[in-house]
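Take a look at the letters that make up each chain.
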Amino acid sequence: MFIDSHCHIDFSEFDLDRADVIKQCNKLGISKLIVPGTRLAYFERQLSLANAFPSIRNAFGLHPYFLDSYQNSHLKKLENSIEKNLETLVALGEIGLDKAISIDWKLQLKVFQVQVEIAAHFELPIILHHRKSHNEIIQILKQSQLKYGGIVHAFSGSLQVAEAYVELGFAIGVGGGITYPRANKTRNAIQQIPVSSIVLETDAPDMPIHGYQGLRNSPLKLPLVFDALTKLREESKEELQEACFKNVHNHLINV
Ligand SMILES: [Zn+2]
């Protein structure tokens, strides 16, 4: 059995065939899809999808990409939505820092830091988004009072950085990135981290795997990510698959 630990099946890219994709996931043994929150306006949609499809699990959070419409009331509204749905949420996320976008850096820092505090307050794990921002993120996490770690989504970076996250209680999200031959540093890190820290993800509809560039990514590609992972690791396929499944349960709650 597989879990896609990061999949935006709530996005409009799936409006035409969502039910079909989810049904096919079940046939492939992808028993759960973790849907990270990206913006307040999507939370209701996430909740109704979880009602309609038993395999969907939600997280709520304010993603740095969508802060262009940020208002000061949003963090309070996030907190209220979390409080109302605390029993079903698997984490707070997807939150983080991204140096490759034009969103004001100070705003990103503020919104990230407050959300880390909210996660600490509600004792929720975190689903992290990073781009050129490992140092800043790790520093903020180290200063926080988090009860749990969470998942570093779409990890890319060195073994040393991966180990710093593992030390903080985070699992390393392995996605289509490892299927690209140029991702040497990341592949090397994934090869060497403890098997107890690996989780699988697609980040669908984004991050298509090698050979499918330009096409919509889908949670149905998760077994291909897994195949690429088995080529990097020494464990048997069975052992690796079981570990990836268990690790999601061990790093998130309410899965
Ligand atoms: Zn994402």
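Residues numbered from 1 in each chain as written. Predicted model: local features only at pLDDT ≥ 70, side-chain atom pairs only at ≥ 80, totals over all residues. Heavy atoms only, no water.

Within this structure, the stated rule accounts for seven salt bridges. Linking Asp17 and Arg216 is a salt bridge whose minimum nitrogen-to-oxygen distance equals 2.9 Å. Note that Asp17 is positioned in the loop between strand E1 (2-4) and helix H1 (18-27) and Arg216 in the loop between strand E8 (198-200) and helix H8 (222-232), a separation of 199 residues in sequence. Taking relative accessible area as the criterion, Arg216 reaches 35% and is therefore assigned partly exposed. (Salt bridge = Lys/Arg side-chain N within 4 Å of Asp/Glu carboxyl O. Helix = DSSP H or I, 4+ residues; strand = E, 2+ residues; numbered from the N terminus. Buried < 20%, exposed > 50% of the residue type's maximum accessible area, 1.4 Å probe, protein only.)

Further remarks concern the coordination of the zinc ion. The protein atoms that coordinate the zinc ion are His6 (NE2), His8 (NE2) and Glu94 (OE), at distances spanning 2.1 Å. Within one chain, the residues donating to the zinc ion are spaced in sequence as H-x1-H-x85-E. Like His8, His6 is buried. (Donors = N, O, S within 2.8 Å, 3.2 Å for Na, K, Ca; no water.)

To continue, consider the sheet that holds E1. With parallel pairing, three strands are arranged side by side in an open sheet as E1-E2-E3. Of all strands in the sheet, those with a lone pairing partner are E1 and strand E3 (56-58), marking the two edges. The sheet shows a mean angle of 20° between the axes of neighbouring strands, taken without regard to direction. Pairing of strand E2 (residues 30-35) with E3, which is carried by three bridges, proceeds in the parallel orientation. Its bridge partner lying in E3, Leu33 is registered against Ile56. Taken strand by strand, H8 contacts E1 and E2, and its axis lies near 110° from that of E1. (Pairing = 2+ DSSP bridges. Axes fitted to C-alpha atoms, helices over the stretch in contact; angles between N-to-C directions. Contact = heavy atoms within 4.5 Å.)

Turning next to the sheet that holds strand E5 (residues 126-131). One open sheet holds the five strands; their spatial order is E4-E5-E6-E7-E8, and the pairing between them is parallel. Both edges of this open sheet fall to strand E4 (92-98) and E8, since each of them pairs with a single strand only. Across the sheet, the mean angle separating the axes of adjacent strands is 30° when strand polarity is ignored. Pairing analysis gives three bridges linking strand E7 (residues 170-174) to E8, with the strands arranged parallel. Within E8, the residue paired with Val174 across the bridge is Leu200. Where H8 meets the sheet, its contacts fall on E7 and E8, and the angle it forms with E8 comes to roughly 145°. Along the sheet, helix H9 (residues 237-251) makes contact with strand E6 (150-152), E7 and E8, crossing E8 at roughly 100°.

A few words on the nonpolar core. Residues Ile82, Leu128, Phe155, Tyr165, Ile190 and Leu229 are the most contacted members of the largest nonpolar core, which totals 64 residues. Non-local contacts of Ile190, meaning those with residues more than four positions away in its chain, are made with Phe155, Ile172, Val174, Ile178, Ile198, Leu229, Leu232 and Arg233. Ranked by size, the runner-up nonpolar core spans twelve residues in total, among them Ile3, Ile34, Ala59 and Val248. (Core = buried A, V, L, I, M, F, W, Y, C linked by side-chain atoms within 4.5 Å.)

The computed volume of the largest pocket comes to approximately 690 Å³. Of all the elements in the fold, those that place two or more residues in the lining of the largest pocket are E5, E7 and helix H7 (184-192). Considered as a void within the structure, the second largest pocket measures approximately 170 Å³ in volume. Leu47, Ala50, Asn51, Ile56, Arg57, Asn58, Asn85, Thr88, Leu89 and Asn254 are the residues that line the second largest pocket. Put simply, the parts of the chain that give the lining of the second largest pocket at least two residues each are helix H2 (43-52) and E3. (1 Å grid on protein atoms, 1.4 Å probe; cavity = no way out; pocket = protein on both sides within 12 Å on 5 of 7 lines; lining within 4 Å. Points joined across faces, edges and corners; volume = space filled by probe spheres on them.)

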